[in-house]
Each structure stands twice: as C-alpha cells, then as structure tokens.
Amino acid sequence: MNIILLGPPGAGKGTQSARLVEKYGMRQLSTGDMLRAAVKAQTPVGMKAKAVMDRGELVSDEIVSELIDAELAAMSAETGAIFDGYPRTEAQAESLDSLLAKHGRNLDHVIELAVNEDALVERITGRFTCVNCGTGYHDKFAQPKVEGVCDNCGSTEFKRRPDDNEETVRTRMAEYRAKTAPILPVYESRGIVSRVDGMAGIDEVTAGLGNLLG
Ligand code: AP5
Ligand code: MG
C-alpha cells in the first residue's frame, strides 16, 4: 500500500504516520524529516535548505524528489510507503508519478487531513520531540506520561523546531494554500482522495484512518 497524507502544517501528518508505521509496518517518507537530518549533518543539501526552511518557504522540487527517489530505491517493494509532506507542488506530484512507476508502485490513497487553520498555530507552537528517539509530544494535546521524561525511551532531553514560531507558521500555511492545495484536484480526478477530520482527537483521527485503510 502506498498513501499520501496531505494537510497543512500541524494537521497531524507526522503524528498519524508514526501510528501507521506501527500498525501496518509501513515506512514514513517525510521530506521535512529528511531535510532536517540533512541540515543537522551539514550536507550540501542541508546547507542549501536551512535558510529556506527557517523562512517557511518550500525548497526546490528537484532536491525533495531526489530524496524520495533515493529512499524508494533503498526500500523493499513489499514495504508500503506513507508520503508525509510530499508532494507539495504540481511539479512534485508529476515527479511522484514517475518515481512510483520507476519503483514499481501504485498510489492507493490520498488522504486529506481536514483542519481548521485557526487551530494550527497552537498545535505547532506547542510541539516538541524527544532528542533521542524522535517521539512527538505537545504541551497541551500530547504530554509525556511523566513530565519531562520520554514515554518511549526514558530520555529527558527534548527539542523544538526552529520553524515552529508563529511568523514562520503563517508563511508555511500560505505556501500550503498557494502551492499544495491545488494538487488535490489532480488526485480527485483519479478517484483516490479521502478526507479524514483532522480536528478530532489524535486517537479518533487514527481510528478514521483505520476505517479507511482496513
Ligand atoms: P514539514 O516537516 O513537512 O512540515 P509541515 O508540512 O509544515 O508539517 P508539520 O510537520 O509542521 O505538521 P504535521 O502535519 O506533521 O503535524 P504533527 O503531526 O507534528 O516541512 C518543513 C519544511 O521543510 C517546509 O516548510 C519546507 O521548507 C521544507 N519541505 C519539506 N517537504 C518539502 C517538499 N516536499 N517540498 C519543498 N519543501 C519541503 O502535529 C503537530 C502538533 O499537533 C503535534 O505536537 C501533535 O502532538 C499535535 N497534534 C497532532 N494531531 C492532533 C490532533 N488531532 N489534536 C490535537 N493535537 C494534535
Ligand atoms: Mg510533520
């Protein structure tokens, strides 16, 4: 199974991807995570991407499509893919079609996490992750069971993303509206788009995805 999770910043793509990985043994392909890893490792791609990401704008289509190509090439054809944060432009959607064909895969579902934009700034500015294992949390909506201790690995170190401030979030939302939302009709015309209410609680959204994916 190959699916795209589509939705604006803070819609819950990363949160739900982690759950689908656990439930179905799929692989999460998040271009945002790949780019952040490249920034951290100070690779040429990371050096190019850092300032663009800090502004909340989109990095080039070529860079992200190459990252996805490399990941698909390294994956077993049996393992399903969750595309999280990719494609984000019409050009990327076209590249994804070519990459799926190249790697012998079909696109089964495009799932839009439908959210009310007003809630997203609060979701994003409250987000933090474990430095050690990457588990995601939120100050209000997804607190660790013991304050200051990661549920998954016991680490006490957490970090916040440099682009998770209100000003950058507004730019990221504007980019989504202008460049990403217009790719939905392409997939709608193929009859593979479903919508899940992303404003529901985290567990309810997971249940909605489960109903859809079986
Ligand atoms: P990326 O990392 O993809 O960020 P994004 O799309 O802005 O999405 P987020 O990761 O912010 O949100 P999410 O939907 O994953 O939400 P989450 O589950 O964490 O991209 C970052 C940057 O990289 C871009 O700006 C761009 O520069 C570059 N980039 C990446 N891909 C690119 C591409 N393809 N092309 C060009 N440039 C690219 O949830 C958020 C918070 O809310 C969490 O704390 C969570 O606990 C909480 N939460 C989640 N669901 C719920 C719920 N149902 N109720 C309450 N709280 C919830
Ligand atoms: Mg994410």
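Shown above is the structure to which this text applies.
All figures in this text were calculated on a predicted structure; none of them were measured in a lab.

### A look at the packing of aromatic side chains
At step 1: What the rule picks out here adds up to three aromatic pairs.
At step 2: With a centroid separation of 5.7 Å and 25 degrees between ring planes, the pair formed by Phe-128 and Tyr-137 is classed as stacked.
At step 3: When the ring of Phe-128 is compared with that of Phe-158, the centres are 5.4 Å apart and the planes differ by 85 degrees; the resulting orientation is edge-to-face. On the criterion of sequence distance, the pair formed by Phe-128 in strand S5 (residues 127-130) and Phe-158 in strand S7 (residues 158-159) is long-range, its members being 30 residues apart.
At step 4: Looking at Phe-128, the relative accessible area reads 11%, which means it is buried.
At step 5: Put simply, the rings of Phe-128, Tyr-137 and Phe-158 touch in pairs and so form one group of aromatic residues.

### Digging into the sheet that holds strand S8 (residues 193-197)
Strand pairing in a sheet relies on backbone hydrogen bonds, with the paired strands running either antiparallel or parallel.
At step 1: Across the sheet, which stays open at both edges, the five strands sit in the order S2-S3-S1-S4-S8 with parallel pairing between neighbours. Among the strands making up the open sheet, the edge pair consists of strand S2 (27-30) and S8. Going from strand to strand, the sheet's axes swing by 25 degrees on average, the running direction of each strand aside.
At step 2: Direction of pairing for S2 relative to strand S3 (residues 81-84): parallel, over a ladder of four bridges. Note on S3: the bridge partner recorded for Leu-29 is Phe-83.

### Some remarks on helix H1 (residues 13-24)
At step 1: Its twelve residues give H1 an end-to-end C-alpha distance of 16 Å, which sits within 8% of 16 Å, the value for a rise of 1.5 Å per residue.
At step 2: All of the buried residues along H1 are Lys-13, Gln-16, Ser-17 and Leu-20. All buried residues of H1 lie within an arc of 105 degrees about the axis, which places them on one face of the element.
At step 3: Summarising the contacts, the buried residues of H1 are in contact with strand S1 (2-6), S2, S3, strand S4 (109-114) and helix H9 (202-213).
At step 4: Of the residues flanking the end of H1, it is Gly-25, one or two places downstream, whose phi is positive at about 65 degrees.

### Observations regarding the environment of Asp-84
At step 1: Here Asp-84 is to be found in strand S3.
At step 2: Residue classification places Asp-84 among the buried residues on the basis of a relative accessible area of 7%.
At step 3: When the C-alpha positions of Asp-84 and Val-52 are compared, they lie 19 Å apart, and in sequence the two are 32 residues distant.
At step 4: Setting aside residues up to four positions removed in sequence, Asp-84 forms contacts with Leu-5, Lys-13, Gly-14, Ser-17, Gln-28, Leu-29, Ser-30 and Thr-31.
At step 5: Here the side chain of Asp-84 touches Gln-28 through a polar contact of 2.8 Å, side chain to side chain.

### Notes on the site of ligand 1
At step 1: Around ligand 1, the structure places 36 residues, and the nearest of them are Thr-15, Glu-57, Arg-88, Arg-127 and Arg-172.
At step 2: Glu-57 is positioned such that a nitrogen or oxygen atom in its backbone is 2.5 Å from an oxygen atom of ligand 1.
At step 3: Of all the secondary-structure elements, those providing two or more residues to the shell around ligand 1 are H1, helix H2 (31-40), helix H6 (120-125), strand S6 (136-138) and H9.
At step 4: By residue number, the principal contributor to the shell around ligand 1 is H2, which donates four residues.
At step 5: Across the shell around ligand 1, the residue classes break down as 16 nonpolar, eleven polar and nine charged.

Reading guide: rules and limits
Residues numbered from 1 in each chain as written. Chains lettered and ligands numbered in written order. Predicted model: local features only at pLDDT ≥ 70, side-chain atom pairs only at ≥ 80, totals over all residues. Heavy atoms only, no water. Phe/Tyr/Trp six-rings, centres within 6.5 Å; stacked < 30°, edge-to-face > 60°. Helix = DSSP H or I, 4+ residues; strand = E, 2+ residues; numbered from the N terminus. Buried < 20%, exposed > 50% of the residue type's maximum accessible area, 1.4 Å probe, protein only. Pairing = 2+ DSSP bridges. Axes fitted to C-alpha atoms, helices over the stretch in contact; angles between N-to-C directions. Expected span 1.5 Å × (residues − 1). Arc of directions from axis to C-beta. Contact = heavy atoms within 4.5 Å. Polar contact = N/O pair within 3.5 Å; in protein donor to acceptor, adjacent residues only side chain to side chain. Near = heavy atom within 4 Å. Nonpolar A, V, L, I, M, F, W, Y, C, P; charged D, E, K, R; others polar.

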